[in-house]
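Examining the three-dimensional arrangement
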Amino acid sequence: MSTIPESQSLKPGANEANLWTRREFFGFAGWATFLGSIGMGLLAFLRFMFPRVLFEPSPLFKAGKVNDYKVGEVSERFKEDQRVWIERTDDKLIAIQAICTHLGCTPRWLALESKFKCPCHGSGFTKDGINFEGPAPRPLERLAIRLDDEANILVDRSKKFLYEKGQWEDPDSFITL
Ligand code: FES
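Here's what I pulled together on the structure shown here. Every chain's residues receive numbers from 1 upward, in the order its sequence appears when written. Side-chain atom pairs in this predicted model are given and counted only at pLDDT of 80 or more, local residue features only at pLDDT of at least 70, and totals for whole chains, interfaces and linings cover all residues. To obtain the side-chain values, all non-hydrogen atoms of the structure were used and water was disregarded.

1. Quick notes on the overall build of the chain
Going by this rule: Secondary structure elements follow DSSP: runs of H or I no shorter than four residues count as helices, runs of E no shorter than two count as strands, and numbering proceeds from the N terminus. Each residue is placed in one exposure class: buried if its accessible area under a 1.4 Å probe, protein chains only, is under 20% of its type's maximum, exposed if it is over 50%, and partly exposed if it falls in between. Note on definitions: a residue-residue contact is assigned when non-hydrogen atoms from the two residues lie within 4.5 Å.
The helix and strand inventory of the chain stands at 2 helices and 11 strands. Taken across its 177 residues, the chain has 29% of its residues classed as buried. Counting only contacts in the chain whose residues sit at least 6 apart along the sequence, the fraction spanning at least 24 positions is 42%.

2. Side note on unusual backbone geometry
For residues other than glycine, phi is negative in most cases, and the peptide bonds are mostly trans. If you check the backbone angles, serine 114 has positive phi at about 50° while not being a glycine. By the element assignment, serine 114 lies in the loop between strand S5 (108-110) and strand S6 (115-117). The partly exposed category is assigned to serine 114, whose relative accessible area is 34%. Of note in this structure, alanine 151 is not a glycine but carries a positive phi near 65°. Mapped onto the fold, alanine 151 is located in the loop between strand S9 (142-147) and strand S10 (153-161). Look at alanine 151 and you get partly exposed, because its relative accessible area is 37%.

3. Considerations on a nonpolar patch on the surface
Spelled out, the test is: Like charges are joined within 9 Å and nonpolar side chains (Val, Leu, Ile, Met, Phe, Trp, Tyr) within 5 Å, but only among residues with over 30% relative accessible area and no salt bridge; these make up the patches. Residue burial considers only the protein chains on display, and all accessible areas are found by Shrake-Rupley using a 1.4 Å probe. Should a side-chain nitrogen of Lys or Arg be within 4 Å of a carboxyl oxygen of Asp or Glu, the pair is scored as a salt bridge.
On the surface, a cluster of nonpolar side chains totalling about 950 Å² of accessible area is made up of Met40, Leu42, Leu43, Phe45, Leu46, Phe48, Met49 and Phe50. Inspection of the secondary structure puts leucine 46 in helix H1 (residues 14-49).

4. Remarks on the state of the cysteines
Worth spelling out the cut-off: Any pair of cysteine sulfurs within 2.5 Å is marked as a disulfide.
For the coordinates displayed, the defined rule picks out 1 disulfide. Each disulfide pairs two cysteine sulfurs, and for cysteine 105 the partner residue is cysteine 120, the sulfurs being separated by 1.9 Å. On the sign convention where negative is left-handed, the bridge of cysteine 105 and cysteine 120, at about -95° about the S-S bond, is left-handed. Placement of the pair is cysteine 105 in the loop between strand S4 (92-97) and S5 and cysteine 120 in the loop between S6 and strand S7 (124-126), with a sequence separation of 15 residues.

Put into structure tokens, the structure is as follows:
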């Protein structure tokens, strides 16, 4: 019967130390998995509670006072920020949306030619916004405009008035001067 020499036998406690390490490792891994899954669940819950929502800027903006605009002027003051022209006629103030009714480019106001011209495909619109050349199928749109209690001009980009539907006669589409 062979016996393990004293020098090759495991030292007392060595095996236990190895087992303890393994036990520690699995214990640690178990806890890490457990805590990780709780963390992931918590993140998912927080994401659910705070969904990614796009907060759009208000469609309403102040456009100064009536006297900021000269009779006959098409003001480009709000074209960059709001895509809106403010136009003052003899008896009205109107807000025209600076969006081409063909494919949505931003037309330019050509004061010398007294027309709006779209740089994309060449549509032209009269000073009133009526399409008269190029592929644009209909006039430019007008926006709701009114005065507030302190005589500030308020333009509401969410409310549109279409010529082809006879909406330019709607009193909400202009300010009477
Ligand atoms: S987008 Fe203005 S003409 Fe085409």
